[in-house]
Amino acid sequence: MIDILTKVADTLESRKTASADSSYVASLYAKGLDKILEKVGEEAVETVLAAKNAQQDDSQRDKVIYETADLWFHSLVMLAELGLRPEDVLTELARREGLSGLEEKASRKE
């Protein structure tokens, strides 16, 4: 599964030099970080709403997967725009493995 994140990240990186009219991702990069962040926020809201609907109706569970994929995708675009990769996030998750959430939160610097 990590391979797909790497492949998507590599594709996103290649879109940085593409013409804005050649791909959706290239058009996002051309519009800048604020537009990318707007998309991340939009997809986060859509994911939350899909999850809420799925709680009431099991037939909506596929929508949660679809919206979460959109959220993850746009989050990867955001990371790429900032010069980060999914491996950076995975490294942080690995660091947190075995820590209680309360311990991890307390260890963060203000």
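The structure we're discussing is the one just above.
Just so it is clear, the structure is predicted and the values come from calculations on it, not from any experiment.

## Quick notes on helix α2 (residues 24-31)
Point 1. For α2, the complete set of buried residues consists of Val25, Ala26, Ser27, Leu28 and Tyr29.
Point 2. Looking at the packing, one finds that the buried side of α2 touches α1 (2-15), α3 (33-56) and α4 (61-81).
Point 3. Two residues or fewer after α2 comes Gly32, characterised by a positive phi angle close to 95 degrees.

## With respect to empty space enclosed by the protein
Rolled over the atoms, a probe with the dimensions of a water molecule shows which regions are left empty.
Point 1. Counted under the stated rule, the structure contains one cavity of 30 Å³ or more.
Point 2. The calculated volume of the largest cavity comes to roughly 40 Å³.
Point 3. Together, Ala9, Leu12, Glu13, Leu76, Ala80, Leu84, Arg85 and Pro86 line the largest cavity.
Point 4. Looking at the lining of the largest cavity, the elements that each hand over two or more residues are α1 and α4.
Point 5. When residues of the lining of the largest cavity are assigned to their parent elements, the largest contribution, three residues, is made by α1.
Point 6. Residues that form the lining of the largest cavity fall into these classes: six nonpolar, no polar and two charged.

## A short note on the pattern of salt bridges
Point 1. Per the counting criterion, the structure on display carries nine salt bridges.
Point 2. Where Glu92 meets Arg95, a salt bridge forms, and the shortest distance between an N and an O atom there is 2.7 Å. In this pair, Glu92 and Arg95 both sit in helix α5 (residues 86-96), three residues apart, roughly one turn of the helix.
Point 3. A salt bridge links Glu92 to Arg96; its shortest N-O distance comes to 2.9 Å.

## Looking at the nonpolar core
Point 1. With twelve residues, the main nonpolar core is built from Leu12, Val25, Leu28, Tyr29, Ile36, Val40, Leu71, Leu76, Val77, Met78, Leu79 and Ala80.
Point 2. Those elements that place two or more of their residues in this core are α2, α3 and α4.
Point 3. Among the elements that make up this core, the one with the highest residue count is α4 (six residues).
Point 4. Those residues in contact with Leu71 that sit more than four places away from it in its chain are Val40, Glu43, Ala44 and Thr47.

## What about the environment of Asp10?
Point 1. Along the chain, Asp10 falls in helix α1.
Point 2. Residue classification places Asp10 among the partly exposed residues on the basis of a relative accessible area of 40%.
Point 3. A sequence separation of 70 residues divides Asp10 from Ala80, and the C-alpha atoms of the two residues are 9.2 Å apart.
Point 4. Side chain to side chain, Asp10 and Arg85 meet in a polar contact 2.9 Å long.

Reading the values: rules and limits
- Residues numbered from 1 in each chain as written.
- Predicted model: local features only at pLDDT ≥ 70, side-chain atom pairs only at ≥ 80, totals over all residues.
- Heavy atoms only, no water.
- Buried < 20%, exposed > 50% of the residue type's maximum accessible area, 1.4 Å probe, protein only.
- Helix = DSSP H or I, 4+ residues; strand = E, 2+ residues; numbered from the N terminus.
- Contact = heavy atoms within 4.5 Å.
- 1 Å grid on protein atoms, 1.4 Å probe; cavity = no way out; pocket = protein on both sides within 12 Å on 5 of 7 lines; lining within 4 Å.
- Points joined across faces, edges and corners; volume = space filled by probe spheres on them.
- Nonpolar A, V, L, I, M, F, W, Y, C, P; charged D, E, K, R; others polar.
- Salt bridge = Lys/Arg side-chain N within 4 Å of Asp/Glu carboxyl O.
- Core = buried A, V, L, I, M, F, W, Y, C linked by side-chain atoms within 4.5 Å.
- Polar contact = N/O pair within 3.5 Å; in protein donor to acceptor, adjacent residues only side chain to side chain.

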